[in-house]
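Summary of the model geometry
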Amino acid sequence: MLDEVDLQILDILQNEAQISNSEIAKRVNLSPPATHARIKRLEKEGYINRHVVILNQEKLGYDLLSFVFMSTNIHQHEQLKVLEKALESMPEVLECHCITGEYDYLLKVANKDRRELENFIRKLNTLGITRIQTSLALREIKYSTVLPIRENNGF
C-alpha cells in the first residue's frame with residue numbers, strides 16, 4: 001500500500017526524473033538512505049517502470065505525428081501475438097493500443113516526413129491489416145506523461 005510519502009516521491013520523480021536522491025529526501029522530509037530505500041521498493045513493486053528522458057521530436061526532425069487506426073481479420077491468439085510483436089518492434093511506433101469500437105488498434109507514430117509515413121503504411125499492409133485510417137496531428141495542444149496521482153489520491 002502506498003502512503004503519502006510514496007505518492008510525493010512518485011510525483012516528484014515523474015516530473016523531474018533527473019533530481020538527486022538528496023533533493024527528494026529534503027522535499028519529503030526523510031533521510032537520503034530512507035528515500036533511496038523507498039524508491040528501490042517502488043521500482044521493485046512495479047510502480048516505477050523506468051527512468052527516461054523525453055526528447056523534443058521536432059528539434060530532432062520528427063515533424064510528422066500521426067494516429068493510425070487499424071483493423072485486422074486475424075483472430076487466432078498466436079497470429080495476434082505475431083502481429084503485436086511486429087508492431088512493437090517498429091521504431092516509429094511510439095504507442096500501440098488494442099481498442100474497442102470500429103478499429104482493433106490505435107498507433108501513435110512519429111515520422112520525419114510524408115515519404116516515411118507512406119513507407120510505414122506499406123509495412124503495415126504486409127502484416128494482414130484489412131483497414132487503415134491515418135490522421136495527422138496539426139499541432140499539439142497538450143502532451144504529458146504525468147499521472148494525476150496527488151490530485152485524486154485513489155490509493
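This text follows the structure it describes.
Figured I'd write up the structure that's included with this text. (Residues numbered from 1 in each chain as written. Predicted model: local features only at pLDDT ≥ 70, side-chain atom pairs only at ≥ 80, totals over all residues. Heavy atoms only, no water.)

**Overview of the overall build of the protein chain**
Broken down by element type, the protein chain carries five helices and four strands. The linear arrangement of helices and strands in the protein chain, starting from the amino end, is α-α-α-β-α-β-β-α-β. Rg of the C-alpha trace for the protein chain: 20 Å, well past the compact-globule value of 15 Å for 155 residues, more than 25% over. Taking contacts inside the protein chain between residues at least 6 apart in sequence as the whole, the part at least 24 apart equals 66%. Of the accessible surface of the protein chain, which amounts to about 10,900 Å², a share of 51% is contributed by carbon and sulfur atoms. Taking the average location of the 20 positive side-chain charges in the protein chain and that of its 22 negative ones, the two points are 3 Å from each other. (Helix = DSSP H or I, 4+ residues; strand = E, 2+ residues; numbered from the N terminus. Rg over C-alpha atoms; globule rule 2.2 N^0.38 Å. Contact = heavy atoms within 4.5 Å. Areas by Shrake-Rupley, 256 points an atom, 1.4 Å probe, with all protein chains shown as cover. Lys, Arg positive; Asp, Glu negative; His and termini not counted. Charge placed at Lys NZ, Arg CZ, Asp CG, Glu CD.)

**Looking at the nonpolar core**
If you look at the biggest cluster of nonpolar residues, it comprises 15 residues, and the most contacted ones within it are Val68, Met70, Leu87, Leu107, Phe120 and Leu124. Those elements giving two or more residues to this core turn out to be β1 (64–72), α4 (77–89), β3 (105–111) and α5 (114–125). Judged by nonpolar contacts, the second largest core, of 13 residues, contains Ile9, Ile24, Ile39 and Leu42. (Core = buried A, V, L, I, M, F, W, Y, C linked by side-chain atoms within 4.5 Å. Buried < 20%, exposed > 50% of the residue type's maximum accessible area, 1.4 Å probe, protein only.)

**Describing the sheet that holds strand β4 (residues 129–136)**
Two strands in a sheet stick together by hydrogen bonds in their backbones, pointing the same way (parallel) or opposite ways (antiparallel). Spatially, the four strands line up as an open sheet ordered β2-β3-β1-β4, and their pairing is antiparallel. Only two strands of the sheet have a single neighbouring strand rather than two, namely β2 (93–98) and β4. Averaged over all pairs of adjacent strands, the angle between their axes in this sheet comes to 20°, without regard to strand direction. Of the pairings in the sheet, the one linking β1 to β4 comprises seven bridges and is antiparallel in character. Among the inter-strand pairings, phenylalanine 67 is bridged to a residue of β4, identified as serine 135. Docked against the sheet, α4 engages β1, β2, β3 and β4, running at close to 25° with respect to β3. Lying over the sheet, α5 contacts β1, β2, β3 and β4, oriented at roughly 160° with respect to β4. (Pairing = 2+ DSSP bridges. Axes fitted to C-alpha atoms, helices over the stretch in contact; angles between N-to-C directions.)

**Points about the pairing of β2**
Examined bridge by bridge, β2 and β3 share five bridges and lie antiparallel to one another. Residue cysteine 98 lies in a different strand from β3, and its bridge partner there is tyrosine 105. The antiparallel pairing of β2 with β3 creates a hairpin that spans six residues between the two strands, and glycine 101 there sits at a positive phi of about 105°.

**Structural notes on the side chain of threonine 35**
Residue position: threonine 35 is located in helix α3 (residues 32–44). Those residues in contact with threonine 35, other than ones at most four positions away along the chain, are Ile9, Asn21, Ile24, Ala25, Val28 and Leu30.

**Examining the pattern of salt bridges**
All chains considered together, the criterion is met by twelve salt bridges. For glutamate 43, the salt bridge goes to lysine 40, with nearest N and O atoms at 3.3 Å. Here glutamate 43 pairs with lysine 40, and both are found in helix α3, just three residues apart, close to one helical turn. For glutamate 43, a relative accessible area of 24% corresponds to the partly exposed category. Residue classification places lysine 40 among the partly exposed positions, given a relative accessible area of 43%. The partner of arginine 41 in a salt bridge is glutamate 45, and the shortest N-O contact between them spans 3.3 Å. Bridged by salt links that share partners, the residues Asp3, Asp6, Arg38, Arg41 and Glu45 form one connected network. (Salt bridge = Lys/Arg side-chain N within 4 Å of Asp/Glu carboxyl O.)

**As for the environment of serine 144**
One can find serine 144 in the segment after β4. A relative accessible area of 40% means that serine 144 is categorised as partly exposed. Polar side-chain contacts of serine 144 include one of 2.9 Å to the backbone nitrogen of valine 146. (Polar contact = N/O pair within 3.5 Å; in protein donor to acceptor, adjacent residues only side chain to side chain.)

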